[in-house]
Amino acid sequence: DVKVTQSSRYLVKRTGEKVFLECVQDMDHENMFWYRQDPGLGLRLIYFSYDVKMKEKGDIPEGYSVSREKKERFSLILESASTNQTSMYLCASSQTSGGEAYGYTFGSGTRLTVV
Amino acid sequence: GQQVMQIPQYQHVQEGEDFTTYCNSSTTLSNIQWYKQRPGGHPVFLIQLVKSGEVKKQKRLTFQFGEAKKNSSLHITATQTTDVGTYFCAGPKTTDSWGKLQFGAGTQVVVTP
């Protein structure tokens, strides 16, 4: 069964800490995404990557950075965690063909609490 | 910019009843996708519609893509408690070809036994 694996299900960090969220997919997908999901705000795209070492900002990139050194791994970095970054973080991967987007496979999510 | 709107935001359904949730885009979409997120879970891909007027069925779920490719609907017949969750529609963002999707806010479905 194809999988997107996020390293932590729950995480509690202190304000100002540098936080790393890891995501690994085993489907050889080109595209990988990081979303955050908050009640009433739906799914908001933070960053995405369409190839190794390639990244582009999504709708809410402020306070975040990403790294994709290998095709299967996409990391989200909170440079200095703040309480307003308390959220559910979802990683996803997908394939494209001829410019068309195929369905996303999501990881189980990381619920991050910043105190 | 492109917007994907879903109505209703909440849907309370008696077990055994039918209901429909709707998805409307401000722009024409090349395809529309539907996802389901169970409480405490993550979104799971259900289906993708590509053709104008396309209708696809998955057991008690019927998905339709509008003729103008700007709207879609999900109809569930004989609702069961297993249908509880939030249903999202999503369409490709128009300005790129890298597979970015614009998600609707979702319809949260609660089923009363």
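Keep in mind it's a predicted model, so treat the numbers as computed, not measured. (Residues numbered from 1 in each chain as written. Chains lettered and ligands numbered in written order. Predicted model: local features only at pLDDT ≥ 70, side-chain atom pairs only at ≥ 80, totals over all residues. Heavy atoms only, no water.)

Participant: How do you make sense of the nonpolar core when you look at a structure like this?
Facilitator: When a protein is soluble and globular, its nonpolar side chains tend to lie buried together. One finds Trp34, Ile46, Leu76 and Tyr89 of chain A to be the most contacted residues of the largest nonpolar core, which totals 21 residues. At the level of secondary structure, the elements contributing two or more residues to this core comprise β3 (19-21), β5 (31-38), β6 (42-51), β8 (64-70), β9 (73-78), β10 (87-94) and β14 (110-114) of chain A. The element that contributes the greatest number of residues to this core is β9 of chain A, accounting for three residues. Dropping the residues within four chain positions of it, Ile46 of chain A is found in contact with Trp34, Tyr35, Arg36, Lys57, Gly58, Asp59, Ile60, Pro61, Tyr64, Leu76 and Tyr89 of chain A. Core analysis: the next-biggest nonpolar cluster, separate from the first, contains 19 residues, Leu46, Leu61, Phe65 and Leu74 of chain B among them. (Core = buried A, V, L, I, M, F, W, Y, C linked by side-chain atoms within 4.5 Å. Buried < 20%, exposed > 50% of the residue type's maximum accessible area, 1.4 Å probe, protein only. Helix = DSSP H or I, 4+ residues; strand = E, 2+ residues; numbered from the N terminus. Contact = heavy atoms within 4.5 Å.)

Participant: Looking at this structure, I do not really get the pattern of salt bridges. What am I missing?
Facilitator: Oppositely charged side chains are able to pair whenever their charged atoms sit close together. Within the structure shown, the criterion is met by eight salt bridges over all chains. The closest approach of N and O atoms between Glu54 of chain B and Lys56 of chain B, which form a salt bridge, is 3.7 Å. Exposure remark for Glu54 of chain B: the relative accessible area of 16% places this residue in the buried category. With relative accessibility at 30%, the residue Lys56 of chain B sits in the partly exposed group. When salt bridges with common partners are traced through the structure, they connect Arg36, Asp38 and Arg44 of chain A into a single cluster. (Salt bridge = Lys/Arg side-chain N within 4 Å of Asp/Glu carboxyl O.)

Participant: What is the right way to read the packing of aromatic side chains from this model?
Facilitator: Geometry of an aromatic ring pair is reported as the spacing of the ring centres plus the angle between the planes. Enumeration according to the criterion identifies 16 aromatic pairs over all chains in this entry. The interplanar angle of 45 degrees and the centroid separation of 6.2 Å between the aromatic rings of Phe48 of chain A and Tyr50 of chain A together place this pair among those described as tilted. For the pair Tyr35 of chain B and Phe45 of chain B, a centre-to-centre distance of 5.6 Å together with 65 degrees between the ring planes defines the contact as edge-to-face. Here Tyr35 of chain B, found in strand β4 (residues 32-37), pairs with Phe45 of chain B, found in strand β5 (residues 44-49); they are 10 residues apart in sequence, far enough to count as distant. We classify Phe45 of chain B as partly exposed; its relative accessible area is 31%. Site record: aromatic cluster; members linked through ring pairs are Phe33, Tyr35, Phe48, Tyr50, Tyr104 and Phe106 of chain A together with Tyr35, Phe45 and Phe103 of chain B. The cationic tip of Arg9 of chain A hangs over the ring face of Tyr10 of chain A; the distance from NZ or CZ to the ring centre is 5.7 Å. (Phe/Tyr/Trp six-rings, centres within 6.5 Å; stacked < 30°, edge-to-face > 60°. Lys NZ or Arg CZ within 6 Å of the ring centre and 35° of its normal.)

Participant: I tried to follow the interface of chain B and chain A on my own but got confused; where do I start?
Facilitator: By a widespread convention, an interface's size corresponds to the accessible area lost as its parts come together. In this assembly, 18 residues from chain B lie in contact with 21 residues from chain A. For the pairing of chain B and chain A, the buried interface totals around 1,800 Å² over both sides, and the portion due to carbon and sulfur atoms is 57%. Here chain B is connected to chain A by zero salt bridges. Our enumeration of links across chain B and chain A arrives at four residue pairs in polar contact (both at pLDDT 80 or more). Among the elements of the structure, β4, β5 and β10 (101-103) of chain B are those that each provide at least two residues to the side of chain B that touches chain A. With three residues, β4 of chain B is the single largest residue contributor to the side of chain B that touches chain A. Broken down by class, the residue content of the side of chain B that touches chain A amounts to seven nonpolar, nine polar and two charged. (Buried area = accessible area lost by both parts, 1.4 Å probe. Polar contact = N/O pair within 3.5 Å; in protein donor to acceptor, adjacent residues only side chain to side chain. Nonpolar A, V, L, I, M, F, W, Y, C, P; charged D, E, K, R; others polar.)

Participant: What am I meant to see in the environment of Thr105 of chain A here?
Facilitator: Residue and element names in this part refer to chain A. Note that Thr105 resides in strand β13 (residues 105-106). Note on Thr105: relative accessible area 22%, which makes it partly exposed. Once the C-alpha coordinates of Thr105 and Tyr89 are considered, the two residues, 16 residues apart in sequence, prove to be 14 Å apart. Contacts of Thr105, omitting those with residues within four sequence positions, involve Val4, Met27, His29, Cys91, Ala92 and Ser93.

Participant: Quick question: what am I supposed to make of the state of the cysteines here?
Facilitator: Structurally, a disulfide amounts to a covalent bond that connects the sulfur atoms of two cysteines. Summed over the entire model, instances satisfying the criterion amount to two disulfides over all chains. Paired through a disulfide, Cys23 of chain A and Cys91 of chain A show a sulfur-sulfur distance of 1.9 Å. Residues Cys23 of chain A and Cys91 of chain A are joined through a disulfide that is left-handed, its torsion about the S-S bond being -75 degrees. Taken together, the positions of Cys23 of chain A in strand β4 (residues 23-25) and Cys91 of chain A in strand β10 put the pair 68 residues apart, joining distant regions of the chain. Taken individually, Cys23 of chain A and Cys91 of chain A each receive the classification buried, so the pair is uniform in this respect. The disulfide bridge from Cys23 of chain B ends at Cys89 of chain B, spanning 2.0 Å between sulfur atoms. The chirality of the disulfide connecting Cys23 of chain B with Cys89 of chain B is right-handed, given an S-S dihedral of about 80 degrees. Here Cys23 of chain B, found in strand β3 (residues 19-25), pairs with Cys89 of chain B, found in strand β9 (residues 85-92); they are 66 residues apart in sequence, far enough to count as distant. (Disulfide = S-S within 2.5 Å.)

On their own, these measurements won't tell you what the molecule is for.
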